Amino acid sequence: CWKFVFTDCRCADDASKTYEELFAKLDTNKDGKVDVSELKAGLAAMGIKSGKGKIVSSGDKDQDDGLDFNEFSKYLKEHEKKLRLTFKSLDKNNDGRIDYAEVKQSLADLGVNISKEAAEKILRSIDADGTMTVDWNEWKEHFLFNPATNLQEIIHYWKHSTVLDIGDSLTIPDEFTEEEKTTGVWWKQLTAGAMAGAVSRTGTAPLDRMKVFMQVHSSKSNKISLVGGFKQMLKEGGPTSLWRGNGINVLKIAPETAIKFMAYEQYKKLLASDAGKIEIHERFMAGSLAGATAQTAIYPMEVLKTRLTLRKTGQYSGMYDCAKKILKREGVKAFYKGYIPNMLGIIPYAGIDLTVYESLKNFWLSHYAKDTANPGIFVLLGCGTISSTCGQLASYPLALVRTRMQAQASVEGSEQLPMGRLVKKILEKEGFFGLYRGILPNFMKVIPAVSISYVVYEYMRSGLGIQK
C-alpha cells in the first residue's frame, strides 16, 4: 500500500542532499551517466521492481540510454515538486507535519484501510527524530537519501568474496571499490584471503588427495571407495602421506592471487565499453582472461602438485627433486600437460559461478532486503558456496581430464593420449559418469573448506585492522 501511495515520489528516490552528491553516489562506475542498471541497483535496495526504465527514458532527452548530470538534475527538480505535493496532500491539517492519523486517513481515501499499529509502523520507518511525526526535512531525507546508502552497502556486502576457498583456482577475482584501492585495503583483503585459503587447503588436504587419487586410478575394474582409498594411503605412507602435494598447493596461492588480481584490473580497463563501466558479461570475460593469465603463469606448479600428490613413498625427496626429475625424463613440455582442458574449464566454471551468484543475490535483494542490503554472513556464504559448487559441477569433467593428462607419464603402463582421445577412451570404458570420478571427496571438502577459510579470514581481517 505504502509503495502504491508514493509511486510518484519514489521516482526521486535516489536523490541526496545535493544533486551533485547524489549523482556521484549513483554513478557507481564513474562514467558521467546514471543508466538503467545503476538506477535499478539503487531501487532494488528499497525493494522496488518497476519504473527504473521509465525514469531513464523520461529524463533522457538526448536518447543515449543514460542521464547525464543536466538531465538528471532537471528530472529530479520536477520530481521533488511531486514529492512536496505528496507531502502536502498527506498533511491534512497543514501544520507542516504528518502524523499516523493522517497516514491512515490518506490510505482510507484510496480505499485501503489499515490499523493504527500499521500506520504507526509506516510512520516510524520515516521518523528520524522519534517524535512520531514527520516534517518535510525528514520526509525528503528518508525518500531521497536512503537508497544511495543502500547501494554502497550492496557493493560492500555482495562482493564475490575471497572468504571462499574451496581449493579451486578458477573463480572470478574480487571486486574492490575505488576507496578500497586508494586506501590500500585491497592488499590486506587479498593477504587475509590467501592466508585463509592456505589454512583451509591444509585442513582439507586428505580429501583433496583422495579426489586426485580417484580421478587417476579409479575405474570400473579398479573401484576405489573412500574408506578403501584412505586405508591404502595410510598403509603405503602412514598418516603424513595424506598431506602429500599440500605444500605446493598452498605455495601457489600467493602468486596466483596477485597475478589474477592485477590482470583482472587491466582486462577490465581494456574490455569496459565505457571508461570505468563494467557490465556482467564484461566482468565474466575479464575474470576468465585474468584466470587464464594466472593459470598460464603458475601452471607448472599445478603439474608438480598433481605429481607430488600421487607420489609413492621415496619417489621424490621434495618439490625441487620432482621438478628436476620431470625435466630430465620428459622435458619442458611435461610442465604444460593438461593445459588445454584446464583453460577450457575456466569458462563453464566462471560463467556458471558468476551467473548463479548474481541470480541468488538478486533473488535475496528483491525478496528479503527490507531495511538493509546486508544479508548476513550465512546467506553470503550460502550463495557463494552454492555458486562455486555449481561451477565445479559444470567444469569437473575437464578437471578430471586435466589431472589424468598431468599424471599420465607417472602412471605405469599408461598411454600418453591427447585430450580428445582421452575423453573418448573414458566414455567408451567408463561411460559418462567416468568423467565424474572423485567428485564425492571433492564435494565433501566444500563445507569444511568454506567454514575454515571464513573463520581464518575473519581473524586475519581483525589482525590486519580491516574495518567491517
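Rules behind the numbers
Residues numbered from 1 in each chain as written. Predicted model: local features only at pLDDT ≥ 70, side-chain atom pairs only at ≥ 80, totals over all residues. Heavy atoms only, no water. UniProt positions renumbered as here; feature names shortened; annotations may be inferred. Helix = DSSP H or I, 4+ residues; strand = E, 2+ residues; numbered from the N terminus. Buried < 20%, exposed > 50% of the residue type's maximum accessible area, 1.4 Å probe, protein only. Contact = heavy atoms within 4.5 Å. Areas by Shrake-Rupley, 256 points an atom, 1.4 Å probe, with all protein chains shown as cover. Expected span 1.5 Å × (residues − 1). Arc of directions from axis to C-beta. pLDDT = per-residue confidence, 0-100. Axes fitted to C-alpha atoms, helices over the stretch in contact; angles between N-to-C directions. Parallel < 35°, antiparallel > 145°, perpendicular 65-115°, else oblique. Left-handed = near helix turned anticlockwise from the far one by under 90°. Salt bridge = Lys/Arg side-chain N within 4 Å of Asp/Glu carboxyl O. Phe/Tyr/Trp six-rings, centres within 6.5 Å; stacked < 30°, edge-to-face > 60°.

- The protein is annotated in an unreviewed UniProt entry as Solute carrier family 25 member 24 from Myripristis murdjan.
- The UniProt entry for the protein carries the following comment under Sequence similarities (unreviewed entry): "Belongs to the mitochondrial carrier (TC 2.A.29) family."
- Here the protein is described in UniProt, under the heading Subcellular location (unreviewed entry), as follows: "Mitochondrion inner membrane".

1. Structural notes on the overall build of the protein
- Within the protein, the secondary structure is distributed over 22 helices and 4 strands.
- The buried share of the protein, taken over its 468 residues, is 49%.
- Contacts in the protein between residues far apart in sequence, at least 24 positions, make up 71% of those at least 6 positions apart.
- Roughly 22,500 Å² of accessible area belongs to the protein as shown, and the carbon and sulfur atoms make up 61% of that amount.

2. Things to note about helix H20 (residues 419-430)
- Look at H20: 16 Å from first C-alpha to last across 12 residues, which is about the 16 Å you get at 1.5 Å a residue.
- Within the span of H20, buried status applies to Leu-422, Ile-426 and Glu-430. What you see down the axis of H20 is that its buried residues fit within an arc of 35 degrees, all on one side. Looking at H20, the residues exposed on the side facing more than 90 degrees away from the buried face are Gly-420, Arg-421, Lys-424 and Glu-428.
- As for H20, its buried residues are in contact with helix H19 (377-407).

3. Side note on the confidence of the model for the protein
- For the protein, per-residue confidence averages 79 on the pLDDT scale, and residues scoring 70 or more make up 75% of the total.
- Under a pLDDT of 50 for its full length, residues 46-52 has, in the predicted model, 15 contacts with residues more than four places off or in other chains.
- Long-range and interchain partners of residues 145-149, a stretch whose pLDDT sits below 50, account for 15 contacts in this model, where long-range means more than four residues apart.

4. Examining unusual backbone geometry
- Its identity as a non-glycine residue notwithstanding, Asn-94 has a phi of 55 degrees, on the positive side.
- Within the element layout of this structure, Asn-94 appears in the loop between helix H6 (69-90) and strand S3 (97-98).

5. Remarks on the environment of Thr-171
- As for its position among the elements, Thr-171 is in the loop between helix H9 (136-157) and helix H10 (178-183).
- Sequence spacing of Thr-171 and Ile-346 is 175 residues, and the spatial spacing of their C-alpha atoms is 8.0 Å.
- With residues up to four places along the chain from it excluded, the contact list for Thr-171 reads Lys-260, Tyr-349, Asp-353 and Ser-388.

6. Re the packing of H19 against helix H22 (residues 446-464)
- Contact pair H19 / H22: the axes reach a minimum separation of 11 Å and the direction vectors enclose 135 degrees. In terms of axis orientation, H19 runs oblique to H22. Every pair of crossing elements has a handedness; the one defined by H19 and H22 is right-handed. Listed contacts from H22 to Ile-377, Leu-381, Thr-385, Thr-389 and Gln-392 of H19 are Val-446, Val-450 and Tyr-454.

7. As for the pattern of salt bridges
- Considering all chains together, one arrives at 13 salt bridges under this definition.
- Of the charged contacts, one joins Lys-211 and Asp-208 as a salt bridge, the two residues approaching to 3.7 Å between their closest N and O atoms. Pair noted here: Lys-211 and Asp-208 are both in helix H12 (residues 205-217), with a separation of 3 residues, about one helical turn. Each member of the pair Lys-211 and Asp-208 is classed as buried.
- Between Arg-461 and Glu-458 there is a salt bridge whose closest N-O contact spans 3.8 Å. With Arg-461 and Glu-458 both in helix H22 and 3 residues apart, this pair spans about one turn of that helix.
- The class of Arg-461 is buried, set by a relative accessible area of 11%.
- Overlapping salt bridges, with partners in common, bring together Asp-208, Lys-211, Lys-305 and Lys-445 in one network.

8. Concerning the packing of aromatic side chains
- What the rule picks out here adds up to 7 aromatic pairs.
- Where Tyr-336 meets Tyr-339, the ring centres are 5.6 Å apart and the plane angle is 70 degrees; that geometry is what we call edge-to-face.
- You can call Tyr-339 partly exposed: its relative accessible area is 24%.
- Judged by centre distance (5.6 Å) and plane angle (75 degrees), the ring pair of Phe-432 and Phe-433 falls under edge-to-face.
- For Phe-432, a relative accessible area of 48% corresponds to the partly exposed category.
- The exposed category is assigned to Phe-433, whose relative accessible area is 65%.
- Put simply, the rings of Tyr-396, Phe-432, Phe-433 and Tyr-436 touch in pairs and so form one group of aromatic residues.

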